[in-house]
Amino acid sequence: MRKILLALALGLALALALGAGVAPLGPAAAQAPGPRYGGTLRIGMQTDPVGLDPHLSTATASKNMLEHIYDTLVFVSPEGRFIPGLAESWTTSADGLTWTFRLRRNVKFHNGRALVADDVVYSINRIRNPATRSPWAGNYAEVDTLTAPDPYTVVFRLKKPFAPLLAKLGSSVLQGAIVAREVAERDEMQSSPVGTGPFRFVGYTPQQRMTLVRSGDYWETDATGRRLPYLDRIEFIFLPDAVARATAIRTGTVDFIEYVPSSEVRALRADPNVSVVGGPSANFRSIYINNAVAPFNNVRVRQAMAWAVNRKEIVDTALFGVGGIEATGFVIPPGNYYHVSKVVYDKTDVDRAKRLLSEAGHPNGFEAELYVTSTYDFLRTPAELLQAQLARAGIRLRIRAADWSVYLPTVAAKQYALTILGTSGQVDPDDYLYSNFVTGDRRNFVNFSDAQYDKLVNDGQVITNEAQRRRIYDQAQLRALELVPMVLLFHSTTFEAVRRNVFGFEHQMNQSYLTLRRTWMVPR
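Described in the following lines is the structure provided in the data block. (Residues numbered from 1 in each chain as written. Predicted model: local features only at pLDDT ≥ 70, side-chain atom pairs only at ≥ 80, totals over all residues. Heavy atoms only, no water.)

### A closer look at the overall build of the protein chain
Link 1 in the chain: The secondary structure content of the protein chain amounts to 17 helices and 20 strands.
Link 2 in the chain: A globule of 524 residues ought to have a C-alpha radius of gyration of about 24 Å, and the protein chain, at 23 Å, matches this closely.
Link 3 in the chain: Across its three principal directions, the C-alpha atoms of the protein chain cover 70 × 55 × 40 Å.
Link 4 in the chain: The burial tally for the protein chain puts 60% of its 524 residues in the buried class.
Link 5 in the chain: By sequence separation, contacts in the protein chain at least 24 residues apart represent 73% of the contacts at least 6 residues apart.
Link 6 in the chain: Surface exposure of the protein chain reaches about 19400 Å², of which carbon and sulfur atoms provide 49%. (Helix = DSSP H or I, 4+ residues; strand = E, 2+ residues; numbered from the N terminus. Rg over C-alpha atoms; globule rule 2.2 N^0.38 Å. Buried < 20%, exposed > 50% of the residue type's maximum accessible area, 1.4 Å probe, protein only. Contact = heavy atoms within 4.5 Å. Areas by Shrake-Rupley, 256 points an atom, 1.4 Å probe, with all protein chains shown as cover.)

### Some details on the side chain of S134
Link 1 in the chain: Mapped onto the secondary structure, S134 falls in the loop between α3 (117-128) and β6 (143-150).
Link 2 in the chain: S134 gets classed as buried once you look at its relative accessible area, which sits at 2%.
Link 3 in the chain: From its side chain, S134 meets the backbone nitrogen of W136 in a polar contact 3.1 Å long.
Link 4 in the chain: Setting aside anything within four residues of it in sequence, one finds S134 in contact with H55, L56, I127 and R442. (Polar contact = N/O pair within 3.5 Å; in protein donor to acceptor, adjacent residues only side chain to side chain.)

### Examining empty space enclosed by the protein
Link 1 in the chain: Tallied over the full model, the rule gives eight cavities of 30 Å³ or more.
Link 2 in the chain: Its volume calculated, the largest cavity comes out at about 530 Å³.
Link 3 in the chain: Looking at the largest cavity, it is lined by 31 residues, and the ones nearest its centre are T58, T60, G422, T423 and S424.
Link 4 in the chain: If you list the elements that add at least two residues to the lining of the largest cavity, you get α2 (60-66), α5 (173-176), β13 (283-289), α12 (377-380), α14 (404-412), β17 (418-424) and α15 (429-433).
Link 5 in the chain: Among the elements that line the lining of the largest cavity, the one with the most residues is β17, at four residues.
Link 6 in the chain: Tallied by class, residues from the lining of the largest cavity come to twelve nonpolar, 13 polar and six charged. (1 Å grid on protein atoms, 1.4 Å probe; cavity = no way out; pocket = protein on both sides within 12 Å on 5 of 7 lines; lining within 4 Å. Points joined across faces, edges and corners; volume = space filled by probe spheres on them. Nonpolar A, V, L, I, M, F, W, Y, C, P; charged D, E, K, R; others polar.)

### Structural notes on the environment of E496
Link 1 in the chain: If you trace the backbone, E496 turns up in strand β18 (residues 486-499).
Link 2 in the chain: Distance in space between the C-alpha atoms of E496 and V277 is 5.3 Å, their sequence separation being 219 residues.
Link 3 in the chain: Beyond its immediate stretch of four places on either side in the chain, E496 contacts F256, I257, E258, V260, S275, V276, V277, F505, H507 and Y513.

### Points about the packing of helix α9 (residues 299-308) against helix α11 (residues 350-359)
Link 1 in the chain: Running from N to C, α9 and α11 cross one another at 170 degrees; their axes reach a closest spacing of 8 Å. Our classification of the angle between α9 and α11 gives roughly antiparallel. Where α9 abuts α11, its residues R300, V301, Q303, A304, W307 and A308 lie against V350, R352, A353, L356, L357 and E359.
Link 2 in the chain: Each residue belonging to the contact of α9 with α11 can be placed in one class, and the counts come to eight nonpolar, one polar and three charged. (Axes fitted to C-alpha atoms, helices over the stretch in contact; angles between N-to-C directions. Parallel < 35°, antiparallel > 145°, perpendicular 65-115°, else oblique.)

### Things to note about the nonpolar core
Link 1 in the chain: Core analysis: the biggest nonpolar cluster contains 156 residues, and F156 and V331 have the highest contact counts within it.
Link 2 in the chain: The residues touching V331, leaving out its near neighbours within four places in the chain, are N283, F284, Y432, L433, F437, M486, L488 and H491. (Core = buried A, V, L, I, M, F, W, Y, C linked by side-chain atoms within 4.5 Å.)

### Quick notes on helix α13 (residues 382-391)
Owing to its 3.6 residues per turn, the α-helix brings residues three or four apart onto one side.
Link 1 in the chain: Three or more residues of α13 are buried, namely P382, A383, L385, L386, Q389 and L390. Considered in projection along α13, the buried side chains sweep an arc of 160 degrees and stay on one side of the axis. (Arc of directions from axis to C-beta.)

### Notes on the pattern of salt bridges
Link 1 in the chain: Tallied over the full model, the rule gives 24 salt bridges.
Link 2 in the chain: Between R233 and E235 there is a salt bridge; the shortest N-O distance is 3.4 Å.
Link 3 in the chain: R233 gets classed as partly exposed once you look at its relative accessible area, which sits at 29%.
Link 4 in the chain: Taking relative accessible area as the criterion, E235 reaches 15% and is therefore assigned buried.
Link 5 in the chain: The residue D316 makes a salt bridge to K312 at a minimum N-O spacing of 2.5 Å. Here D316 and its partner K312 are both found in helix α10 (residues 311-318), four residues apart, which amounts to about one turn of the helix. (Salt bridge = Lys/Arg side-chain N within 4 Å of Asp/Glu carboxyl O.)

### What to know about unusual backbone geometry
If a residue is not glycine, its phi is most likely negative; likewise, a peptide bond is most likely trans.
Link 1 in the chain: In this model, L228 is joined to P229 through a cis peptide bond whose omega is 0 degrees.
Link 2 in the chain: Within the fold, P229 resides in the loop between β9 (209-214) and β10 (233-238).
Link 3 in the chain: With omega at 0 degrees, the peptide bond leading from A294 into P295 counts as cis.
Link 4 in the chain: Summarising the element assignment, P295 is placed in the loop between β13 and α9.

### Some details on the pairing of strand β8 (residues 199-205)
Link 1 in the chain: Sheet analysis places β8 next to β9, joined by six bridges and oriented antiparallel. The partner of F199 across the bridge, within β9, is R214.
Link 2 in the chain: The antiparallel hairpin formed by β8 and β9 contains three residues in its connecting segment, where Q207 sits at a positive phi of about 65 degrees. (Pairing = 2+ DSSP bridges.)

### Considerations on the packing of aromatic side chains
Link 1 in the chain: Per the counting criterion, the structure on display carries 26 aromatic pairs.
Link 2 in the chain: Residues Y37 and Y230 carry aromatic rings whose centres are separated by 5.6 Å and whose planes lie at 65 degrees to one another, so their mutual orientation is edge-to-face. Taken together, the residues Y37 in the loop between α1 (2-19) and β1 (40-45) and Y230 in the loop between β9 and β10 connect sequence positions 193 residues apart.
Link 3 in the chain: Judged by relative accessible area, which is 40%, Y37 ranks as partly exposed.
Link 4 in the chain: The exposure class assigned to Y230 is buried, which follows from its relative accessible area of 4%. (Phe/Tyr/Trp six-rings, centres within 6.5 Å; stacked < 30°, edge-to-face > 60°.)

### Here we look at the pairing of strand β5 (residues 98-103)
Link 1 in the chain: Of all six residues in β5, five are buried; the element is thus mostly enclosed.
Link 2 in the chain: Looking at chain direction, strand β4 (residues 87-92) and β5 are connected through five bridges and run antiparallel. Bridge assignment links T91 to a residue of β5, and that residue is T100.
Link 3 in the chain: Taking the residues that link successive antiparallel strands as the turn, the β4-β5 hairpin has five residues, and the phi of G96 there is positive, at about 75 degrees.

### Thoughts on the environment of S281
Link 1 in the chain: Structurally, S281 can be placed in the loop between β12 (274-280) and β13.
Link 2 in the chain: In this structure S281 comes out as buried when scored by relative accessible area, which is 0%.

### Here we look at helix α16 (residues 451-462)
Link 1 in the chain: Taking 1.5 Å per residue, twelve residues should reach 16 Å; α16 reaches 17 Å between its end C-alpha atoms and fits that length.
Link 2 in the chain: Those residues of α16 not exposed but buried are Y453, D454, L456, V457, G460 and Q461. Along the long axis of α16, the arc covered by the buried residues comes to 165 degrees, so they all point the same way. For α16, the exposed residues set more than 90 degrees away from the buried face come down to A451 and K455. (Expected span 1.5 Å × (residues − 1).)

### Topic: the sheet that holds β4
The strands that make up a sheet pair up through hydrogen bonds in the backbone, lying either parallel or antiparallel.
Link 1 in the chain: Ordered in space as β4-β5-β7-β6, the four strands form an open sheet in which the pairing is antiparallel. Pairing within the sheet leaves two strands with one partner each, and these edge strands are β4 and β6. On average, each strand axis in the sheet is tilted by 20 degrees relative to the strand beside it, whichever way the strands run.
Link 2 in the chain: Packed on one face of the sheet, α3 meets β5, β6 and β7 (153-158) and runs near 165 degrees to β6.

So far we have only geometry, and geometry alone does not tell us how the molecule works.
So, in structure tokens, the structure goes:
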């Protein structure tokens, strides 16, 4: 796994350097003073969280705030390794069916209660429970039983070997947050989240801010044995307007911004008071197609769309040449060990798109709605370009926009025909290929269903040999490219910007902000 994730980083960096002329960036570590305690970090966020219950949300915005309140059994390091979290160690039986996790002692929830193994069992079972309606329930479909033989041991017994288990437990707080049972049973998860993380929840005012304060009981320490986190307080300030967010970091109204707009990357890099960090990230961005809605239930229509789009124009124009790299295969980015090397839609071919539409019974094309979010600029700005590109083939789009808090639940309910969306934070090929496309999964927003594809990705979950997994996932991706459940556009390169008095933050490929617990500030 470490080899695969490092390959992703190096491959994406190479592709970015060749295609966009921009390499990952970061502050000069040699100039950083030593870590110190104190300070309030003001972070300009793209949008509000979409819910505060981690087990019920799929939004990256929720993840990027809740991961400071909650912990998971394992973490993903900035280098892409699985490292101990609440579990200080784990073992796997020879047959791959039993996973045993040993928990840390002296870990406390923010309400003062000690963490015990029953909390882990409760949390994962809460996700699995159909009554919870968690979009992450499918991650644990192969778990047969969870038991706590003693207060600091948790045993997962699986129905069959399941290679991605650590990824499901640790790649995102949304998938594996360990919660306090008493808070969940009082139905207070959405109003008063209580975890074991480095910061305690203080309050949330929609469309304004969320405030967290340092937990004095947090268990994690730095390399010298000092307790983390260093910061006293984090204020997440919601600045959905991209220009306003860039202006805020430039003027010092905030100390950190996420999702630096592509249009501002070069200007902020030139600002002596700001450091831009980031670059390659694990994600994909696509035209999501509701495969159950006519005329998109016809594979020829979907194939026509794939031939009609011009990905290079989108990257060069909508993303200013720095905000992404063209998608050349399926959803797994170039450079990843599991990226499919065959390029099917290798050029824009409008004539071929028109022929496919005619074969599908639409010689004169048709009209359709493209539903987009008004919140994330990298999901909004390609819309007009796509409108013009698809019009050349005869597909006439009407664009309708909505705020993220309205948009995402609508798409999750599959009440749309076409949209521009994607997912982020993947650390295992299964994260890309299973839930987004397997028949009946709650996160299969495109209503894709194919028995051959389902069998391949289910087989991929059982196999631990990397070469064998890659052969299976190659077949699955080629099958998907043939059936076009969505039209791949690009893989985002994501950037954060910090003021020069902020140190210790590291950009992570899975778009996690976990390193905020190791971030510190010096007086301006």
